[in-house]
Amino acid sequence: MTRRTGPLLALLTLPLLLLAGSWLVLPASGAPGYRLQLLDLGADLVLLAGGCLLGGRFAWTLRSLEDVNRTLEQRLADRERQLAGNDERLFALEREQAAAQERQRIMRDLHDGLGSRLLVSLSRVERGEMSAGEVADALHGCIAEMRMALDTMAPQEPDFRSSLGNFLFRWRSELQACGLRLTWDIAAPDEALRLAPHASLQLLRIAQEALTNVVKHAGASTVHVRLHVVAGALALEVRDNGIGAAGVGEDSSGRGLTNMRTRAGQLGGRVDVHGGSGGTRVTLQVPLGSVTA
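Residues numbered from 1 in each chain as written. Predicted model: local features only at pLDDT ≥ 70, side-chain atom pairs only at ≥ 80, totals over all residues. Heavy atoms only, no water.

Describing the overall build of the chain
Counting its secondary structure elements, the chain contains seven helices and five strands. Starting at the N terminus, the α and β elements of the chain follow one another as α-α-α-α-β-α-β-β-α-α-β-β. Within the chain, buried positions represent 30% of all 293 residues. Long-range contacts, defined here as pairs at least 24 residues apart, represent 67% of the contacts in the chain between residues at least 6 apart. (Helix = DSSP H or I, 4+ residues; strand = E, 2+ residues; numbered from the N terminus. Buried < 20%, exposed > 50% of the residue type's maximum accessible area, 1.4 Å probe, protein only. Contact = heavy atoms within 4.5 Å.)

The following block contains the structure:
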């Protein structure tokens, strides 16, 4: 007999015990009305006991359901925390893998670009084909390329604002030595400047090529760099007050403008050149979706 069925059997046995007791205790010739009253009292007691029993069972069932619900809620909360932790770990692994892939791409670019440039320069130096000034220029360009790569591969959160700021700060002293005054304006929200390292490096290379053209061909006294967002694209403008668009043409700049447009095309963007008597404006536009991290 279990704890649940015991009270029910006792309740069903009570009327039988009362009936048997009334026949055994009272004589057969005794008052039959008293025997009926005793049976009625027993029936009332049975109903009362049954109600109490059912009420108790109902309360016990509710407590059991509450305990089950609390257990399920606790298990569900534990599982949700586990899933959230798994999602965070997966997201962190994905970010680490993406960062590692970006670094590998940059290292390949450095190997193919900077490495080849150093080897060619070394070969020319060994053959006596480079002057001291040319060697200095080559080394200066290699150092600038390495600095850009280090800025974009920094371990902190992707922040093109910092990378561009460091880049322009270094260029300011170089331009001042050439008689040029550099100013800049970064008017883009922070969320638009969380760029992938490879995209940051390509943008800095385009900016470097544009500033190099200003120094070599523009004959300007001031140059202004502006970074902003327009129509869902990140726009980088380099504007000078020099001799106009002729200073950055294909014939005068060699592969400079072609390289800028090639790099922009790799990012899904474009480079436009506008010039006149008031100077030249080189504008790079790339979709945010193709460069943000």
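Next, the rest of the story.
Overview of the sheet that holds strand S4 (residues 270-276)
If you trace the five strands from one edge of the open sheet to the other, you get S1-S2-S3-S5-S4, paired in mixed fashion. The outermost strands of the open sheet, each flanked by one partner alone, are strand S1 (181-187) and S4. Mean inter-strand twist for the sheet, computed between neighbouring axes without regard to direction, equals 15 degrees. Relative to S1, helix H4 (residues 160-177) is tilted by about 170 degrees, and along the sheet it contacts S1, strand S2 (222-230) and strand S3 (233-240). Sheet strands touched by helix H7 (residues 256-266): S4 and strand S5 (279-287). Its angle to S4, the strand with the most contacts, is close to 140 degrees. (Pairing = 2+ DSSP bridges. Axes fitted to C-alpha atoms, helices over the stretch in contact; angles between N-to-C directions.)

Re the pattern of salt bridges
The final tally for this structure, using the stated rule, is five salt bridges. The residue Asp67 makes a salt bridge to Arg70 at a minimum N-O spacing of 2.2 Å. In this pair, Asp67 and Arg70 both sit in helix H2 (residues 32-126), three residues apart, roughly one turn of the helix. (Salt bridge = Lys/Arg side-chain N within 4 Å of Asp/Glu carboxyl O.)

Structural notes on unusual backbone geometry
Peptide bonds are trans in most cases, and residues, glycine excluded, mostly fall at negative phi. Positive phi, normally seen in glycine, also occurs at Ala231, with a value near 55 degrees. With respect to the helices and strands, the residue Ala231 is situated in the loop between S2 and S3.

Here we look at the nonpolar core
Within the largest apolar cluster, 42 residues are counted, with the highest numbers of intra-cluster contacts made by Leu164, Phe167, Leu211 and Leu234. Of all the secondary-structure elements, those providing two or more residues to this core are H4, S1, helix H5 (197-218), S2, S3, H7 and S5. Tallying contributions element by element places H5 first for this core, with 10 residues. In contact with Phe167, not counting residues within four places along its chain, are Met148, Leu204, Ala207, Gln208 and Leu211. (Core = buried A, V, L, I, M, F, W, Y, C linked by side-chain atoms within 4.5 Å.)

Observations concerning the packing of H4 against H5
Contact geometry of H4 with H5 gives a least axis separation of 11 Å together with a crossing angle of 20 degrees. Taken as axis vectors, H4 and H5 run roughly parallel relative to one another. Remark: the crossing between H4 and H5 carries right-handed chirality. For the pair formed by H4 and H5, the contact residues are Phe160, Ser163, Leu164, Phe167, Leu168, Trp171 and Leu175 on the first element and Ser200, Leu203, Leu204, Ala207, Gln208, Leu211, Thr212 and Val215 on the second. A breakdown of the residues in the contact of H4 with H5 according to their chemical character gives 11 nonpolar, four polar and no charged. (Parallel < 35°, antiparallel > 145°, perpendicular 65-115°, else oblique. Left-handed = near helix turned anticlockwise from the far one by under 90°. Nonpolar A, V, L, I, M, F, W, Y, C, P; charged D, E, K, R; others polar.)

With respect to the pairing of S3
S3 sits mainly inside the fold: seven of its eight residues count as buried. In terms of strand pairing, S2 meets S3 through eight bridges, oriented antiparallel. Counted as the bridge partner of His224 is Arg239 from S3. Connecting the antiparallel pair S2 and S3 is a turn made up of two residues, with Ala231 showing a positive phi of about 55 degrees. Relative to S5, S3 is paired through seven bridges, and the arrangement is antiparallel. From the neighbouring strand, Leu234 faces S5, where its bridge partner is Val286.

Things to note about the pairing of S1
The pairing of S1 with S2 spans seven bridges and is parallel. Each residue of the ladder has a partner; that of Asp185, found in S2, is Arg226.

Notes on the confidence of the model for the chain
Looking at the chain as a whole, its pLDDT mean stands at 76, while 69% of the residues score no less than 70. Low confidence marks residues 249-253, where pLDDT is under 50. Its contacts with residues over four positions away, or in another chain, come to 10 contacts. (pLDDT = per-residue confidence, 0-100.)

A short note on a nonpolar patch on the surface
Side chains of Phe58, Leu62 and Leu65 sit close together on the surface and give an oily, nonpolar patch of about 300 Å² of accessible area. Examined against the element boundaries, Leu65 turns out to sit in helix H2. On the accessibility criterion, Leu65 (47% relative accessible area) is partly exposed. (Patch = residues over 30% accessible without salt bridge, like charges linked within 9 Å, V, L, I, M, F, W, Y side chains within 5 Å. Areas by Shrake-Rupley, 256 points an atom, 1.4 Å probe, with all protein chains shown as cover.)

Considerations on H7
For H7, the set of buried residues is Gly256, Leu257, Met260 and Ala264. Seen along its axis, H7 keeps its buried residues to an arc of 95 degrees; they face one direction. Gly268, located one to two residues past H7, shows a positive phi value of around 80 degrees. (Arc of directions from axis to C-beta.)

Examining the packing of H5 against H7
H7 packs onto H5 with a crossing angle of 160 degrees between their chain directions and a minimal axis gap of 10 Å. Classed by the angle they form, the pair H5 and H7 counts as roughly antiparallel. Remark: the crossing between H5 and H7 carries left-handed chirality. Judged by residue contacts, Gln202, Arg205, Ile206, Glu209, Ala210 and Asn213 of H5 engage Gly256, Met260, Arg263, Ala264 and Gln266 from H7.

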